[in-house]
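What follows is the residue order along each chain.
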Amino acid sequence: METKKTEQNNNQEHYCSIMQKEIFEQPGVVKYLLEKYTDEKDSINIELPSKIDNIVIVASGSSYNCAAIAAPLFIEYADIPCEYEYSSEFILQKKHFITPDSLYIFVSQSGETSDTLNALSAIKAEGVKTMCITNAKNSTMWNLCDYRILSDAGEEKSIASTKALTAQILCSILVLLKIKAHKGEDISGYLNTMRRLPAYLERIKNEEQKIKSAAKELSNYSNISILGNKNYYPVAKEGALKIKETCYLNVMAYPFGEFMHGHVAVLNQKSVVVAIIDEENAQFAVRNLQKIRNDYSPKIICITSVQDVKAGDLNIYIKTKRKLKAIFGSLLTLQLIACELASILKRNPDQPKGLKKVVKD
Ligand code: AGP
């Protein structure tokens with residue numbers, strides 16, 4: 001990607017913001033974490049309870065989006081029940097579902113977010129096993145949990161979280177693969193996929209011109225809807241959150257199918273849809289986008305891991321058949337769009353108005 005001068009990293013590359021610099025660090029973060037937590041024999045060096053029969057993931061903001069991305073993966077790949085909740089809502093719940101070997105996972109970049117800390121204290125009082133995935137060793141969360149994973153993305157200065165989220169998702173995937181391995185299943189294929197992730201993320205930079213065109217297009221609209229299915233719905237939410245934080249636009253994310261149940265009525269010629277398309281939802285997405293185009297004529301931008309999909313006015317290709325890669329690829333693409341959009345709208349993504357890095361009471 002073309003870079004501008006302000007922020008400088010150790011390799012003397014120049015970035016237009018800290019956020020952009022941290023977005024670009026992600027392939028390196030993934031590579032580092034895989035080297036740190038896996039070995040050549042495909043063992044995963046993370047400590048887990050010997051028995052887990054149920055997982056609940058609790059977090060806020062981008063870390064919540066990690067939870068929402070990871071939970072269906074735990075169910076699909078590790079065959080383990082997994083729910084997730086916003087920390088602030090979890091605290092208000094009168095009862096929590098606890099089984100003999102429940103594991104409650106708290107995800108937090110800072111390890112100090114008060115909503116998540118309050119949720120952790122509430123469940124600890126019930127004697128449940130707890131784990132944190134955090135970027136802050138020795139944080140309050142780190143010290144309170146029975147099990148800990150350092151997401152080790154390096155200090156994240158940007159208020160809009162990017163590399164820390166990628167690291168959290170990767171750590172969650174390593175947890176689910178470790179559970180799968182415990183069950184005697186072969187995880188080498190999945191680890192090989194993850195080891196190809198850094199190169200895949202680097203390749204997304206080849207779509208730079210289209211990513212810039214997408215941001216330019218989005219800058220013309222205030223009615224922006226981002227659509228995605230299953231794991232990609234929280235990816236869509238994360239894209240919306242990044243644009244809200246950095247550009248102050250009210251972007252909405254929807255599960256693709258649910259969008260057609262009334263929400264679609266917000267569309268018209270002055271609106272734009274960003275659709276995330278992968279192998280699993282391609283036919284469904286293309287069919288519905290055609291209907292959307294016929295009925296409402298919005299602009300359509302597709303972020304697609306399926307090469308031959310041409311359903312958008314602009315199609316950004318992040319080609320891969322592997323969902324475990326496409327999730328990261330679509331997130332990276334949305335982060336880059338948000339960063340570029342902020343620059344077009346003359347917002348400083350490093351100083352979003354009224355926001356702080358850590359949300360405390
Ligand atoms: C993300 O871009 C936000 N700045 C915010 O939503 C953040 O993810 C949330 O406040 C949770 O923070 P934590 O991960 O440090 O707990």
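Caption draft 1: Molecular detail of the site of the ligand. Ser63, Ser108, Gln109, Thr113 and Glu245 are the nearest of the 15 residues found near the ligand. For the ligand, an oxygen atom lies 2.7 Å from a polar atom in the side chain of Ser110. For the ligand, the accessible surface in isolation is 410 Å², of which the surrounding protein chains cover 91%. Counting residues per element, the ones that place at least two in the shell around the ligand are helix 3 (61–78) and helix 11 (232–247). Across the shell around the ligand, the residue classes tally to four nonpolar, nine polar and two charged. Shared between two domains, the shell around the ligand takes at least three residues from each, and those domains are domain 1 (22–195) and domain 2 (201–344).

Caption draft 2: Geometry of the domain arrangement of the chain. For the chain, the assigned domains read domain 1 (22–195) and domain 2 (201–344). Computed over C-alpha atoms, the centres of domain 1 and domain 2 are 26 Å apart. Counting residues at the interface gives 28 residues for domain 1, matched by 25 residues for domain 2. The largest per-residue losses of area from domain 1 upon contact with domain 2 belong to Ile23, Ile69 and Thr193, which jointly make up 23% of the total buried on that side. Counting every contact that joins domain 1 to domain 2 gives two salt bridges. Glu76 is the salt-bridge partner of Lys323, the closest N and O atoms lying 2.6 Å from each other.

Caption draft 3: How the structure looks around the sheet that holds strand 7 (residues 147–150). Taking strand neighbours across the sheet as the criterion, the five strands line up as 4-3-5-6-7 in an open arrangement whose pairing is parallel. The open sheet has two edge strands, strand 4 (82–86) and strand 7, and neither has a second partner. Strand-to-strand twist across the sheet, computed as the mean angle between neighbouring axes with direction ignored, equals 20°. By the bridge criterion, five bridges tie strand 3 (residues 54–59) to strand 4 in an arrangement that is parallel.

Caption draft 4: Structural view of the packing of helix 7 (residues 163–182) against helix 8 (residues 188–195). Two elements in contact, helix 7 and helix 8, have axes separated by 10 Å at closest approach and are oriented at 165°. Here helix 7 lies roughly antiparallel to helix 8, going by the angle between them. For the crossing formed where helix 7 meets helix 8, the hand is left-handed. Facing helix 7, whose interface residues are Leu170, Ile173, Leu174, Leu177 and Lys180, helix 8 presents Tyr190, Leu191 and Met194. Looking at the contact of helix 7 with helix 8 residue by residue, the class counts come to seven nonpolar, no polar and one charged.

Caption draft 5: Layout of the nonpolar core. The biggest cluster of nonpolar side chains holds 108 residues, and the ones touching the most others in it are Ile55, Ile57, Phe74, Ile173, Ile179 and Ile226. When residues in this core are grouped by element, the largest group, 13 residues, is from helix 14 (residues 323–344). Built from parts of two domains, this core gets at least three residues from each of domain 1 (22–195) and domain 2 (201–344). Beyond its immediate stretch of four places on either side in the chain, Ile179 contacts Leu48, Ile52, Ile55, Phe74, Ala78 and Ile80. Counting 18 residues, the second largest nonpolar core, distinct from the first, contains Leu227, Ala282, Cys302 and Val309.

What counts, and where the lines are drawn
- Residues numbered from 1 in each chain as written.
- Predicted model: local features only at pLDDT ≥ 70, side-chain atom pairs only at ≥ 80, totals over all residues.
- Heavy atoms only, no water.
- Near = heavy atom within 4 Å.
- Polar contact = N/O pair within 3.5 Å; in protein donor to acceptor, adjacent residues only side chain to side chain.
- Areas by Shrake-Rupley, 256 points an atom, 1.4 Å probe, with all protein chains shown as cover.
- Helix = DSSP H or I, 4+ residues; strand = E, 2+ residues; numbered from the N terminus.
- Nonpolar A, V, L, I, M, F, W, Y, C, P; charged D, E, K, R; others polar.
- Domains from an automatic or database assignment.
- Contact = heavy atoms within 4.5 Å.
- Buried area = accessible area lost by both parts, 1.4 Å probe.
- Salt bridge = Lys/Arg side-chain N within 4 Å of Asp/Glu carboxyl O.
- Pairing = 2+ DSSP bridges.
- Axes fitted to C-alpha atoms, helices over the stretch in contact; angles between N-to-C directions.
- Parallel < 35°, antiparallel > 145°, perpendicular 65-115°, else oblique.
- Left-handed = near helix turned anticlockwise from the far one by under 90°.
- Core = buried A, V, L, I, M, F, W, Y, C linked by side-chain atoms within 4.5 Å.
- Buried < 20%, exposed > 50% of the residue type's maximum accessible area, 1.4 Å probe, protein only.

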